[in-house]
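Each chain, letter by letter, is given below.
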Amino acid sequence: MQTLTDEESDFRSFYHYMHKPYRESQYEDLVIIEPEWKFMRQCRKGMLMQIIRDGQVLGGVVLHRSDTRLAYVWLLGRDWSPNL
């Protein structure tokens, strides 16, 4: 199931449980992770589409509308594995 949300609590969960852990695990000390306030500023311009199964959020994408097109900003899932 997919849901669209603009709730700050959902954006914060996406940041803390998907975005930040993925970036830290993939790039370790080479990555500069934007602070939460900066991430949230971008999120407020769009919506979060969540992929949900059995009540658990498995992934998500932050979407922005730009004139007549829809663009994604971040796309991640829980327990991301580049080998999937």
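Residues numbered from 1 in each chain as written. Predicted model: local features only at pLDDT ≥ 70, side-chain atom pairs only at ≥ 80, totals over all residues. Heavy atoms only, no water.

Trainee: Mind showing me how you'd approach the packing of aromatic side chains here?
Mentor: Where two aromatic rings form a pair, the distance of their centres and the angle of their planes describe that pair. On inspection of all chains with the given rule, the structure shows 2 aromatic pairs. Between Phe 14 and Phe 39 the ring centres are 6.2 Å apart and the planes differ by 25 degrees, which places this aromatic pair in the stacked class. Taken together, the positions of Phe 14 in helix α1 (residues 8-27) and Phe 39 in helix α2 (residues 36-43) put the pair 25 residues apart, joining distant regions of the chain. For the pair Phe 14 and Phe 39, one class covers both residues: buried. Ring centres 4.8 Å apart and planes at 50 degrees place the aromatic pair Tyr 15 and Phe 39 in the tilted group. Placement of Tyr 15 in helix α1 and of Phe 39 in helix α2 is noted, with a sequence separation of 24 residues between them. Pair check on accessibility: Tyr 15 and Phe 39 agree, each one buried. Following the ring pairs from residue to residue traces out a cluster consisting of Phe 14, Tyr 15 and Phe 39. (Phe/Tyr/Trp six-rings, centres within 6.5 Å; stacked < 30°, edge-to-face > 60°. Helix = DSSP H or I, 4+ residues; strand = E, 2+ residues; numbered from the N terminus. Buried < 20%, exposed > 50% of the residue type's maximum accessible area, 1.4 Å probe, protein only.)

Trainee: I'm lost on the pattern of salt bridges in this one. Help?
Mentor: Two side chains with opposite charge may pair up if their charged atoms get near one another. Summed over the entire model, instances satisfying the criterion amount to 4 salt bridges. In this structure, the salt-bridge partner of Glu 34 is Arg 23, at a minimum N-O distance of 3.4 Å. With Glu 34 in the loop between α1 and α2 and Arg 23 in helix α1, the pair connects residues that are 11 residues apart, well separated along the chain. Since its relative accessible area comes to 19%, Glu 34 is described here as buried. Counted as one network, the salt bridges with shared partners bring together Glu 8, Arg 12, Glu 36 and Arg 44. (Salt bridge = Lys/Arg side-chain N within 4 Å of Asp/Glu carboxyl O.)

Trainee: I would appreciate a short explanation of the packing of α1 against α2 in the present structure.
Mentor: Describing two packed helices takes the angle between their axes plus the distance from one axis to the other. The interhelical angle for the contact between α1 and α2, taken along N-to-C directions, is 125 degrees, at an axis separation of 10 Å. As judged from the angle between their axes, α1 and α2 are oblique. As α1 packs across α2, the resulting crossing turns out to be right-handed. Residues Glu 8, Phe 11, Arg 12, Phe 14, Tyr 15, His 16 and His 19 of α1 form the contact with α2, whose own contacting residues are Glu 36, Phe 39, Met 40 and Cys 43. (Axes fitted to C-alpha atoms, helices over the stretch in contact; angles between N-to-C directions. Parallel < 35°, antiparallel > 145°, perpendicular 65-115°, else oblique. Left-handed = near helix turned anticlockwise from the far one by under 90°. Contact = heavy atoms within 4.5 Å.)

Trainee: For this particular structure, what's the right way to read the nonpolar core?
Mentor: The nonpolar side chains of a soluble globular protein tend to be buried, and buried together. With 9 residues, the main nonpolar core is built from Phe 11, Phe 14, Tyr 15, Met 18, Phe 39, Met 40, Cys 43, Leu 48 and Val 62. When residues of this core are traced back to their parent elements, those giving at least two are α1 and α2. In terms of residues, this core owes the most to one element, α1, which gives 4 residues. What Phe 11 contacts, discounting residues up to four positions off in sequence, is Thr 5, Asp 6, Phe 39, Met 40, Cys 43, Gly 46, Met 47 and Leu 48. (Core = buried A, V, L, I, M, F, W, Y, C linked by side-chain atoms within 4.5 Å.)

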